[in-house]
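Working through the structure, step by step
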Amino acid sequence: MTARTAREASEPSTARADRTARTVPATRTRGGKAPTLEEVAARAGVGRGTVSRVINGSPRVSAPTRAAVEAAIAELGYVPNRAARALAANRADAIALVVPEPEARFFAEPYFSDIVSGVGEALAETGMQLLLTFAGGPRERRRLAQYLAAHRVDGVLLVSVRADDPLPDLLAGTGIPTVISGRRSAAEPLPSVDSDNAGGARTAVAHLLSRGRRTIATITGRLEVYGAACRLDGYRRALTEAGRPPDESLIAVADFTEEGGRRAMRELLARRPALDAVFAASDVMAAGARQTLRAAGRRIPDDVALIGFDDSAIARHMDPPLTSVRQPIEEMGRAMARLVLSEAGPTATGGPGPGGGPQQLVLPTELVVRGSS
């Protein structure tokens with residue numbers, strides 16, 4: 001501890017207040033210009049470096065000194081220069097949320113807006129900026145990797161990533177902390193936040209079985225997406241546990257879009273016209289399936305029970321309201337932001353998991369029963 005720091009730590013706050021009151025007048029005298037770091041330091045009776053440490057949250061400042069600096073900041077209306085702080089700390093004060101999907105899909109699916117809401121809420125507590133970017137094609141991915149390699153952000157959040165997508169590996173090569181929403185495989189090498197996809201699907205199908213449904217079909221998402229494969233696994237597991245081996249003719253693969261749900265439902269009706277229940281791996285696909293069922297004269301739930309996944313606003317506004325598996329999407333966004341901040345921060349608290357590998361958070365799901373089942 002330097003002599004100056006020792007003197008600042010031991011000097012009574014009242015004495016500092018008396019001394020600083022004599023040093024700097026209580027009103028601004030710089031022609032309306034914003035107060036400077038030096039003026040804050042003079043009013044608090046400390047050095048410029050001490051003010052900087054207080055602003056940056058350093059623990060190397062005594063409580064009385066911190067209180068004096070914070071009082072001076074409030075009295076003068078000082079606003080720290082975020083750009084200068086970030087530059088001095090070799091940080092960008094920004095987190096990128098990367099969506100490797102076309103913009104049309106981003107705005108069509110409530111899942112993405114809920115993720116953004118959760119991420120934004122968590123970052124608002126820190127003052128970090130959120131940069132939203134799309135990388136739907138190979139050229140966009142390369143340009144994004146080059147941009148991020150210049151360390152213009154402190155961390156990256158990736159959502160909706162396919163198993164064969166090269167983008168996560170490109171980002172890993174830049175050394176930028178990256179957190180992924182939804183694992184690409186059971187052996188995901190990056191930190192990730194996911195919901196219990198298999199467990200949620202299993203619960204949905206078990207519910208249909210408990211309601212006496214006998215011929216239960218499913219509409220899956222793209223199976224190169226690990227979460228979609230897990231939901232299909234949960235569907236199969238529930239049937240197997242009930243002593244009813246899965247029938248492959250009751251499985252139709254779609255792409256998480258409304259049109260995909262309509263198309264898959266037509267396929268299923270053509271193959272198995274007597275089906276009496278459908279589990280769709282997203283609410284958006286369930287909405288498409290509902291249109292096809294109604295066009296075919298099938299009543300919901302009288303003739304065909306219907307369940308979705310996500311518990312989005314779509315589920316609540318359908319007629320009848322859609323039974324759906326609720327995954328805590330906003331909480332997933334918050335968890336992703338907290339995890340990437342811990343990875344990017346000077347004292348990472350959330351990096352390695354218990355076994356020394358990256359953290360893999362799996363949040364629980366819940367079946368919300370409504371009129372469609």
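Reading the values: the criteria
- Within every chain, residues take consecutive numbers counted from 1 along the sequence as written.
- Side-chain atom pairs in this predicted model are given and counted only at pLDDT of 80 or more, local residue features only at pLDDT of at least 70, and totals for whole chains, interfaces and linings cover all residues.
- For side-chain calculations, the full set of non-hydrogen atoms in the structure is used, while hydrogens and water are omitted.
- Secondary structure counts use DSSP, requiring at least four H or I residues in a row for a helix and at least two E residues in a row for a strand, with both numbered from the N terminus.
- For every residue, the accessible area (1.4 Å probe, protein chains only) is compared with the maximum for its type, and the residue is labelled buried under 20%, exposed over 50%, or partly exposed between those bounds.
- It only takes one pair of heavy atoms within 4.5 Å for two residues to be counted as in contact.
- Note on areas: these come from Shrake-Rupley sampling with a 1.4 Å probe, and a residue is covered only by the protein chains present in the view.
- Should a side-chain nitrogen of Lys or Arg be within 4 Å of a carboxyl oxygen of Asp or Glu, the pair is scored as a salt bridge.
- Here a cavity means grid points, on a 1 Å grid over the protein atoms only, where a 1.4 Å probe fits yet cannot get out; a pocket means an open set of points with protein on both sides within 12 Å along at least five of seven lines; lining residues are those with an atom within 4 Å of a point.
- Grid points are joined across faces, edges and corners, and a volume is the space filled by probe spheres set on the points.
- Under the convention adopted here, Pro, Cys and the residues Ala, Val, Leu, Ile, Met, Phe, Trp and Tyr are nonpolar, Asp, Glu, Lys and Arg are charged, and Gly plus all remaining residues are polar.
- Lines are fitted to the C-alpha atoms to define the axes, a helix being fitted only along its stretch in contact, and any angle between axes, read from their N-to-C directions, falls within 0 to 180 degrees.
- For classification, angles of less than 35 degrees are called roughly parallel, those exceeding 145 degrees roughly antiparallel, those between 65 and 115 degrees roughly perpendicular, and all remaining angles oblique.
- When DSSP finds at least two bridges between two strands, those strands are taken to pair.
- A right-handed crossover is one whose linking path, passing over the helix from the first strand to the second, runs clockwise when the strands point away from the viewer.
- Among the buried residues, those of types Ala, Val, Leu, Ile, Met, Phe, Trp, Tyr and Cys that are joined through side-chain atoms within 4.5 Å form a nonpolar core.

1. A few points about the overall build of the protein
Within the protein one finds 16 helices and 12 strands. Here the protein holds 373 residues, and 49% of them are scored as buried. Here the contacts in the protein between residues at least 6 apart in sequence split such that 69% fall between residues at least 24 apart. Carbon and sulfur atoms make up 53% of the accessible area of the protein, which totals about 17,100 Å².

2. Re the pattern of salt bridges
Summed over all chains, the structure comprises 22 salt bridges. Here Arg334 and Glu330 are joined by a salt bridge, their closest N and O atoms 3.8 Å apart. Highlighted residues: Arg334 and Glu330, both in helix α16 (residues 329-344), separated by four residues, approximately one helical turn. Its relative accessible area of 19% is what places Arg334 among the buried residues. Judged by relative accessible area, which is 33%, Glu330 ranks as partly exposed.

3. Considerations on empty space enclosed by the protein
Overall, the coordinates contain two cavities of 30 Å³ or more when judged by the stated rule. Here the largest cavity defines a volume of roughly 320 Å³. If you trace the largest cavity, you find 23 residues lining it, with Tyr111, Ser160, Val225, Arg231 and Phe256 closest to the centre. Sort the elements by how many residues they give to the lining of the largest cavity and helix α12 (residues 226-241) lands first, with four residues. Tallied by class, residues from the lining of the largest cavity come to eight nonpolar, eight polar and seven charged. By volume, the second largest cavity amounts to about 30 Å³. As for the second largest cavity, its lining consists of Glu109, Pro110, Tyr111, Asp283, Val284, Asp310 and Ser312. Among the elements of the structure, α8 (110-124) and α14 (283-295) are those that each provide at least two residues to the lining of the second largest cavity.

4. Re the packing of helix α3 (residues 37-44) against helix α4 (residues 48-55)
Put simply, α3 and α4 touch, their axes get as near as 8 Å, and they point 100° apart. Taken together, the axes of α3 and α4 lie roughly perpendicular to each other. In this structure, α3 contributes Leu37, Glu38, Val40 and Ala41 to the contact, and α4 contributes Arg48, Val51 and Ile55. In the contact of α3 with α4, the residues fall into five nonpolar, no polar and two charged.

5. Re the pairing of strand β1 (residues 94-99)
With six of six residues buried, β1 lies mostly within the body of the structure. A two-sided burial pattern is seen for β1, the buried positions comprising Ala94, Ala96 and Val98 on one face and Ile95, Leu97 and Val99 on the other. One ladder, built from four bridges, connects β1 with strand β3 (residues 155-159); its direction is parallel. Looking at the pairing, Ala96 lines up with Val156 of β3.

6. Side note on the pairing of strand β6 (residues 216-220)
Counting buried positions along β6 yields five of five residues, so the element is predominantly enclosed. The alternating pattern of β6 places Ile216, Thr218 and Thr220 on one face and Ala217 and Ile219 on the opposite face, and all of these are buried. Judged from the three bridges that link them, β6 and strand β7 (residues 251-253) form a sheet pairing that is parallel. Among the inter-strand pairings, Ile219 is bridged to a residue of β7, identified as Ala252. Once you follow β6 into α12 and on to β7, the crossover reads as right-handed.

7. Observations concerning the sheet that holds strand β8 (residues 277-280)
One open sheet accounts for six strands, arranged β7-β6-β8-β9-β10-β12; its pairing is mixed. With partners counted over all chains shown, the strands left at the sheet margins are β7 and β12 (366-368), one partner each. Strand after strand, the sheet turns through a mean of 20° between neighbouring axes, direction not considered. Where β8 meets strand β9 (residues 305-310), three bridges bridge the pair, whose relative direction is parallel. Bridging from a neighbouring strand, Ala277 pairs with Ala305 of β9. The strands touched by α12 within the sheet are β6, β7, β8 and β9, with β6 carrying the most contacts at an inclination of about 170°.

8. Some details on the environment of Gly136
Mapped onto the fold, Gly136 is located in the loop between β2 (129-134) and α9 (138-149). Expressed as a C-alpha distance, the spacing of Gly136 and Val98, which sit 38 residues apart in the sequence, is 9.8 Å. Those residues within four positions of Gly136 in sequence are excluded, and the remaining contacts are Pro100, Glu101 and Arg141.

9. Quick notes on the nonpolar core
Side chains of a nonpolar character, in soluble globular proteins, are inclined to be buried together. Judged by nonpolar contacts, the single largest core of 44 residues is most densely connected at Ile219, Tyr235, Met265, Leu275, Val278, Phe279 and Leu306. Listing elements by their share of this core, those giving two or more residues are α11 (197-210), β6, α12, β7, α13 (258-271), β8, α14 and β9. Setting aside its immediate chain neighbours within four residues, Tyr235 contacts Ala201, Val205, Ile216, Ala217, Thr218, Leu250 and Ile251. Phe106, Met128, Leu341 and Leu363 belong to the second largest nonpolar core, which has 24 residues in total.

10. Re the sheet that holds β3
The strand order β2-β1-β3-β4-β5-β11 describes an open sheet built from six strands, whose pairing is parallel. Each having just a single partner strand, β2 and β11 (360-363) make up the two edges of the open sheet. Each adjacent strand pair in this sheet contributes to an overall mean axis angle of 20°, direction not counted. In this sheet, strand β5 (residues 192-195) lies alongside strand β4 (residues 178-181) in parallel orientation, the contact comprising two bridges.

The analysis is restricted to geometry; functional conclusions fall outside its scope.
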